[in-house]
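Chain by chain, the residues run as shown.
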Amino acid sequence: MLCWARAWGLPRRGLRPCSPSFSTGPVAPSSSGRGGAEPRSVPLSYKLLDGEAARPALVFLHGLFGCKTNFNSIAKALAQQTGRRVLTVDARNHGDSPHSPDVSYEAMSQDLQDLLPQLDLVPCVLIGHSMGGKTAMLLALQRDMAVRQFLLTNLVEVDGRFVWRVNLDALAQHVDKIMAFPPRQESYPGPTLFLLGGNSQYVPPSHHPEIRRLFPRAQMQTVPNAGHWIHADRPQDFLAAIRGFLA
């Protein structure tokens, strides 16, 4: 599995020389104000091909039993062809990076969350193979700006302090009920539209027979290039689907 994702959206810095010079070595783990709940990062070994800082760097993450040298020729070619900075990294417990009993993807993601800002490689493009692809996926999901902005709409100021206006305790306790649906024997005979995001996995094909049993006149319509929040990802397609259903 090869996975790439754009990560972070922090301000970019100025230009750097475009010559492909190497720098290598571990960087010290960040210790600024982190709680004990987050994994403890380790200083990863890396190689950096320098390039233009105005565009996101390319970051290669190897797979299980691999190391940063797996991408040497690819990294050099892309640095020359794109002019971008290209980073190859040894994951913890691999290559020249330190060993650690924590082999979780959360820990591997945290290693990168500490390393990349220290190297001024934010934002970047993550390119991962197999285990590295999963690390890239998790890191991208943990740094999804749109989801953060959506969740922060639930944070309000009351009497000079910020509080959540959602009942987090109750929702966390019963999230399994929210994700499920109560069993019903009766069906609804009226017209119904199920609008699905093409990139969303919330309504898999295995659910369709039960949907059609409960709603015999259901229309199943998929909006391409949309995730779970269709109305935010593809607002015009969302409006068109509603107009079409009402016609």
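An account of the accompanying structure is given in this report. If you're wondering where the values come from, they're calculated on a predicted model, not measured in any experiment. (Residues numbered from 1 in each chain as written. Predicted model: local features only at pLDDT ≥ 70, side-chain atom pairs only at ≥ 80, totals over all residues. Heavy atoms only, no water.)

The helix and strand inventory of the chain stands at 9 helices and 10 strands. In the chain, buried positions account for 35% of the 247 residues. In the chain, 74% of the contacts between residues at least 6 apart in sequence involve partners at least 24 apart. Of the roughly 15300 Å² of accessible surface on the chain, 58% is carried by carbon and sulfur atoms. (Helix = DSSP H or I, 4+ residues; strand = E, 2+ residues; numbered from the N terminus. Buried < 20%, exposed > 50% of the residue type's maximum accessible area, 1.4 Å probe, protein only. Contact = heavy atoms within 4.5 Å. Areas by Shrake-Rupley, 256 points an atom, 1.4 Å probe, with all protein chains shown as cover.)

Turning our attention to the packing of aromatic side chains. As enumerated under the stated definition, the model contains 3 aromatic pairs in all. One aromatic cluster is present, formed by Tyr188, Phe194 and Phe215 through successive ring pairs. (Phe/Tyr/Trp six-rings, centres within 6.5 Å; stacked < 30°, edge-to-face > 60°.)

With that out of the way, let us pick up unusual backbone geometry. In the segment running from valine 122 into proline 123, the intervening peptide bond is cis, with an omega of 0°. Although it is not a glycine, aspartate 120 sits at a positive phi angle of roughly 55°. By the secondary structure assignment, aspartate 120 is in the loop between helix H2 (105–118) and strand E6 (124–129). According to the relative accessible area criterion, aspartate 120 is buried, its value standing at 15%. The backbone phi angle of serine 130 is positive, close to 55°, even though this residue is not glycine. On the basis of relative accessibility, which here comes to 32%, the residue serine 130 falls in the partly exposed class.

A word on the pattern of salt bridges. Counted according to the given criterion, the structure contains 7 salt bridges. Taking the shortest distance from any N to any O, the salt bridge between arginine 55 and glutamate 52 comes out at 3.8 Å. Ionic pairing is found between aspartate 90 and lysine 68, a salt bridge with its closest N-O pair at 2.5 Å. Highlighted residues: aspartate 90 in the loop between strand E5 (86–89) and H2 and lysine 68 in the loop between strand E4 (57–61) and helix H1 (72–82), separated in sequence by 22 residues. The burial state of aspartate 90 is the same as that of lysine 68; both residues are buried. Residues joined in a network through salt bridges with shared partners are Lys68, Asp90 and Asp96. (Salt bridge = Lys/Arg side-chain N within 4 Å of Asp/Glu carboxyl O.)

The next subject is the pairing of strand E10 (residues 218–223). In this sheet, E10 lies alongside strand E9 (residues 192–197) in parallel orientation, the contact comprising 6 bridges. In the strand pairing of E10, leucine 193 is matched with glutamine 219. Between the parallel elements E9 and E10, the chain passes through helix H7 (residues 208–214) in a crossover that is right-handed. (Pairing = 2+ DSSP bridges. Right-handed = clockwise from strand over helix to strand, strands pointing away.)

With 5 of 5 residues buried, E4 is to be regarded as a mostly interior element. Of the two faces of E4, the one lined by Ala57, Val59 and Leu61 and the one lined by Leu58 and Phe60 are each fully buried. Pairing of E4 with E6, which is carried by 5 bridges, proceeds in the parallel orientation. The partner of phenylalanine 60 across the bridge, within E6, is isoleucine 127.

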